[in-house]
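One-letter residues, chain by chain:
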Amino acid sequence: MQNSRVTVVENSPAPVRRRGRPPAFERNQVLTRAAETFWRLGYEGASIADLTEAMGITAQSLYAAFGSKADLYKEALAHYRHTIGAFTAHALTQERNAADAFVRLLKEAASEFCKAGRPQGCMISTATLACASENQPVADHVAGLRAGALAAFQDRIERGVAEGHFRPDTDAAALARYLGAIIQGMSVQARDGASEEELASLAAIASAEVNRHRT
């Protein structure tokens, strides 16, 4: 009896599926795109589909890199503060005279809020003023950023009083809140179509109020 020969054919190895992290992307670049999308549509108005399309990544990559839509929003706000919105901190820290700092801030706000090629106004000043109850933590976070800006204004004014740039009788808290209201109002008006020239006229009136407190 003849033994039958069995031929073993080795199959080509199956493609190995790569596991682990999703394809890499430049984080600051996608944050810029996410920030602009949130800025233009609002937190609730920006869907995951809107965000992934703007960022050029998949929903899986978004969640893997940022955790959640809320976490992405918070990081996008921080990115905005350190890029487009950094002119506020620069004015407060780079000018030696406190009054000059606020005059510069008002003038630059009029220009920055009307820049072409991006949404008008300030991403933070008018962000998430009203929202569904489940998004209240996001609204509270943005309100905290605005409160932090007012605190920075007040601190700069108080230092200005101590350094002799503002009159000793200057009410730092009231002046800070006034300037915050002016800048927030400028942001709203920019979103509604006000021109840079119109905002500059408003900034000039507010600057006159700042100068009224100079020593």
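Our subject is the structure listed above.
None of the values given here were measured: they were computed from a predicted structure. (Residues numbered from 1 in each chain as written. Predicted model: local features only at pLDDT ≥ 70, side-chain atom pairs only at ≥ 80, totals over all residues. Heavy atoms only, no water.)

Focus: the overall build of the protein
Next up, step 1: Looking only at helices and strands, the protein has nine helices and zero strands in total.
Next up, step 2: Ordered by position from N to C terminus, the α and β elements of the protein give α-α-α-α-α-α-α-α-α.
Next up, step 3: The burial tally for the protein puts 37% of its 215 residues in the buried class.
Next up, step 4: Contacts in the protein between residues at least 24 apart in sequence constitute 67% of all its contacts with a sequence separation of at least 6.
Next up, step 5: Taken as a whole, the protein presents about 12,700 Å² of accessible surface, with 51% of it coming from carbon and sulfur. (Helix = DSSP H or I, 4+ residues; strand = E, 2+ residues; numbered from the N terminus. Buried < 20%, exposed > 50% of the residue type's maximum accessible area, 1.4 Å probe, protein only. Contact = heavy atoms within 4.5 Å. Areas by Shrake-Rupley, 256 points an atom, 1.4 Å probe, with all protein chains shown as cover.)

A few points about the environment of Ala172
Next up, step 1: Looking at the element boundaries, Ala172 is found in helix 8 (residues 172-191).
Next up, step 2: Residues Ala172 and Gln154, spaced 18 residues apart in sequence, show a C-alpha to C-alpha distance of 5.4 Å.

What to know about helix 6 (residues 98-112)
Side chains three or four residues apart in an α-helix point the same way, a direct result of the helix having 3.6 residues per turn.
Next up, step 1: The end-to-end C-alpha distance of helix 6 is 21 Å, a good match for the 21 Å that 15 residues give at a rise of 1.5 Å each.
Next up, step 2: Those residues of helix 6 hidden inside the fold are in contact with helix 5 (87-94), helix 7 (136-162), helix 8 and helix 9 (196-212).
Next up, step 3: Two or three places before Ala99, at the start of helix 6, stands the capping residue Asn97, its side-chain oxygen 2.9 Å from that residue's backbone nitrogen. (Expected span 1.5 Å × (residues − 1). Polar contact = N/O pair within 3.5 Å; in protein donor to acceptor, adjacent residues only side chain to side chain.)

Purely geometric stuff here, so don't read any function into it on its own.
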